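In case you want the letters, here they are:
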Amino acid sequence: MATKATTNQTKADLRQQILDAARELFVAEGYENVSMRKLAERIGYSPTTIYLYFKDKPDLMVQLCEETFAKLAQTLESIVSKHADPMVALREGCRAYVRFGLKHPHHYQLVFITPLPPKADEQYAFEGSMGEKAFSILRRGVTGCVTQGKFRDVDIEATSQALWAGIHGVTSLLIAHRDFPFVARDRLIDHVIDTMFEGLKTR
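Residues numbered from 1 in each chain as written. Predicted model: local features only at pLDDT ≥ 70, side-chain atom pairs only at ≥ 80, totals over all residues. Heavy atoms only, no water.

Caption draft 1: Quick look at the overall build of the chain. Counting its secondary structure elements, the chain contains ten helices and zero strands. Moving toward the C terminus, one meets the helices and strands of the chain in the order α-α-α-α-α-α-α-α-α-α. Its C-alpha atoms give the chain principal-axis dimensions of roughly 65 × 40 × 30 Å. Burial analysis of the chain (203 residues in total) assigns 42% to the buried set. Residue pairs at least 24 apart in sequence account for 71% of intrachain contacts in the chain once pairs closer than 6 positions are excluded. For the chain, the exposed area adds up to about 11300 Å²; of that, 53% sits on carbon and sulfur atoms. Measuring between centres, the 26 positive side-chain charges of the chain sit 4 Å from its 25 negative side-chain charges. (Helix = DSSP H or I, 4+ residues; strand = E, 2+ residues; numbered from the N terminus. Buried < 20%, exposed > 50% of the residue type's maximum accessible area, 1.4 Å probe, protein only. Contact = heavy atoms within 4.5 Å. Areas by Shrake-Rupley, 256 points an atom, 1.4 Å probe, with all protein chains shown as cover. Lys, Arg positive; Asp, Glu negative; His and termini not counted. Charge placed at Lys NZ, Arg CZ, Asp CG, Glu CD.)

Caption draft 2: Structural detail: the nonpolar core. F26, L39, L60, L90 and F197 are the most contacted members of the largest nonpolar core, which totals 61 residues. Broken down by secondary-structure element, the contributors of at least two residues to this core are helix 1 (4–29), helix 2 (36–43), helix 4 (57–80), helix 5 (86–103), helix 6 (105–113), helix 8 (130–147), helix 9 (156–176) and helix 10 (185–198). (Core = buried A, V, L, I, M, F, W, Y, C linked by side-chain atoms within 4.5 Å.)

Caption draft 3: Representation of the pattern of salt bridges within the structure. All told, the structure shown has eleven salt bridges when counted by the stated rule. Close ionic contact of R23 with D20 constitutes a salt bridge, the shortest N to O distance being 3.1 Å. Residue R23 and its partner D20 are both found in helix 1; the two are separated by three residues, about one turn of the helix. Salt bridges here are not isolated pairs; linked through shared partners, they connect D20, R23 and E67. (Salt bridge = Lys/Arg side-chain N within 4 Å of Asp/Glu carboxyl O.)

Caption draft 4: Up close: the layout of surface pockets. Its boundaries defined by the atoms lining it, the largest pocket holds a volume of some 530 Å³. As for the largest pocket, its lining consists of 27 residues, and the residues nearest its centre are L76, G131, A134, F135 and L138. Elements with a contribution of two residues or more to the lining of the largest pocket: helix 4, helix 5, helix 6, helix 8 and helix 9. Here the lining of the largest pocket gets eight residues from one element, more than from any other, and that element is helix 8. Grouping the constituent residues of the lining of the largest pocket by class yields 21 nonpolar, five polar and one charged. (1 Å grid on protein atoms, 1.4 Å probe; cavity = no way out; pocket = protein on both sides within 12 Å on 5 of 7 lines; lining within 4 Å. Points joined across faces, edges and corners; volume = space filled by probe spheres on them. Nonpolar A, V, L, I, M, F, W, Y, C, P; charged D, E, K, R; others polar.)

Caption draft 5: Representation of the packing of helix 8 against helix 9 within the structure. At a minimum axis separation of 9 Å, helix 8 and helix 9 run at an interaxial angle of 120 degrees. Judged on the interaxial angle alone, helix 9 and helix 8 are oblique. The interaxial crossing formed by helix 8 with helix 9 has right-handed handedness. Two secondary-structure elements touch here, helix 8 through F135, L138, R139, V142, T143 and V146 and helix 9 through I156, E157, T159, S160, Q161, L163 and W164. (Axes fitted to C-alpha atoms, helices over the stretch in contact; angles between N-to-C directions. Parallel < 35°, antiparallel > 145°, perpendicular 65-115°, else oblique. Left-handed = near helix turned anticlockwise from the far one by under 90°.)

Caption draft 6: Representation of the packing of helix 5 against helix 8. Between helix 5 and helix 8, whose axes approach to 8 Å, the crossing angle comes to 150 degrees. One element, helix 5, and the other, helix 8, form an angle in the roughly antiparallel class. By crossing handedness, the relation of helix 5 to helix 8 is classed as left-handed. Seen from helix 5, the contacting residues are P86, M87 and L90; seen from helix 8, they are L138, G141, V142, G144 and C145. For the contact of helix 5 with helix 8, the per-class residue count stands at six nonpolar, two polar and no charged.

This is the structure we're talking about:
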């Protein structure tokens, strides 16, 4: 007879299988074109099985977002915690963000490029979410740089959003336009980050 731990692991594995299949289908075919029945066919289960784990398709989309944000937040925390200098920590965090997107392009496309469908958007609350946690790591880095005089006295929120816009831009371009004759990837990433930081440093 299966133990409780084994049963729980089986449930977790199936839930992850559903998430992985949904992510691939949403990216490949578009959220609106993927039905729960089509998703069920992909994983070899009935639609009823999916509803045991997710209440509807918008909930599935929200959980995909939370999963990706959680992975990103964990990655960023592990990077920035290694550096006492807030400037170094923020720079390495920005690099880690881009590397994360390039390593997980399907995750990145779905969460950061594809607009949330209306019903999923209604269900997703930013406050208290893993998305807020991930962004707070960036905001904390900017705050540390200002507090220690690495950056001039700037609007923390606007600056954090501007930095995110910059690293999101280079990440999105590298994912979407692989045939463009970009300079060496690491050189481009570092140049984008360095350019943004130079405009924020104290003089």
